[in-house]
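Here's the letter readout for the chains.
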Amino acid sequence: VNAASEVDAEDCGALQVYILGGQSNMEGRGSVEHLNMLLERDSTHETYAHLWDADENDWRRLDDVYIKYGDRQGELTVGYGYSPDLFGPELGFGWRIKERDS
């Protein structure tokens with residue numbers, strides 16, 4: 001099932017589609033482990049805090065931003081990089097587009 005197909009098109013109005021293309025620079029090699037370290041560090045915590053849901057003790061998911069990469073798809077969160085323990089430019093891009101349109 002395609003994540004986007006679960007959304008009722010009449011309820012959401014215009015749908016924005018962004019295609020991020022490239023080669024190895026777009027595969028997502030950012031380490032989720034490193035992101036954890038940045039959250040724990042006082043000097044960088046504030047920059048990355050929006051990605052973490054302290055109530056759920058898990059990475060936040062954007063329920064109105066969908067991603068498909070290879071055989072994985074769903075709400076935008078960390079883990080859509082080259083492997084599930086990695087992330088790439090899609091994470092920052094998705095958050096910025098959401099902030100811009102909110």
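Residues numbered from 1 in each chain as written. Predicted model: local features only at pLDDT ≥ 70, side-chain atom pairs only at ≥ 80, totals over all residues. Heavy atoms only, no water.

Caption draft 1: Spotlight on the environment of Asp101. In this fold, Asp101 is placed in helix H4 (residues 89–101). Polar contacts involving the side chain of Asp101 include one to the side chain of Arg100, which spans 2.7 Å. (Helix = DSSP H or I, 4+ residues; strand = E, 2+ residues; numbered from the N terminus. Polar contact = N/O pair within 3.5 Å; in protein donor to acceptor, adjacent residues only side chain to side chain.)

Caption draft 2: Focus on helix H2 (residues 32–40). Within H2, burial applies to Val32, Leu35, Leu38 and Leu39. Buried residues of H2, viewed axially, fall in a sector of 105°; they line one side. Of the exposed residues in H2, those oriented more than 90 degrees away from the buried face are Glu33 and Glu40. Buried-residue contacts for H2 involve strand S1 (30–31), helix H3 (42–48), strand S2 (52–53), strand S3 (58–59), strand S6 (86–87) and H4. Its side-chain oxygen at 3.1 Å from the backbone nitrogen of Glu33, Ser31 defines the N-terminal cap of H2. (Buried < 20%, exposed > 50% of the residue type's maximum accessible area, 1.4 Å probe, protein only. Arc of directions from axis to C-beta. Contact = heavy atoms within 4.5 Å.)

Caption draft 3: Up close: the packing of aromatic side chains. As enumerated under the stated definition, the model contains two aromatic pairs in all. Judged by centre distance (5.3 Å) and plane angle (75°), the ring pair of Tyr18 and Phe93 falls under edge-to-face. Separated by 75 residues along the polypeptide, Tyr18 in the loop between helix H1 (9–12) and S1 and Phe93 in helix H4 bring together distant segments of the chain. Measuring from ring centre to ring centre gives 5.0 Å for Trp52 and Trp59, while their planes differ by 85°; the resulting arrangement is edge-to-face. A relative accessible area of 26% places Trp52 in the partly exposed class. By relative accessible area, which is 12% here, Trp59 ends up buried. The ring of Tyr82 has Arg29 lying over it, and the distance from NZ or CZ to the ring centre is 3.8 Å. (Phe/Tyr/Trp six-rings, centres within 6.5 Å; stacked < 30°, edge-to-face > 60°. Lys NZ or Arg CZ within 6 Å of the ring centre and 35° of its normal.)

Caption draft 4: Geometry of a nonpolar patch on the surface. Together, Leu15, Val17 and Ile19 make up an exposed nonpolar region whose accessible area comes to about 390 Å². Relative to the helices and strands, Ile19 resides in the loop between H1 and S1. The exposure class assigned to Ile19 is exposed, which follows from its relative accessible area of 76%. (Patch = residues over 30% accessible without salt bridge, like charges linked within 9 Å, V, L, I, M, F, W, Y side chains within 5 Å. Areas by Shrake-Rupley, 256 points an atom, 1.4 Å probe, with all protein chains shown as cover. Salt bridge = Lys/Arg side-chain N within 4 Å of Asp/Glu carboxyl O.)

So far we have only geometry, and geometry alone does not tell us how the molecule works.
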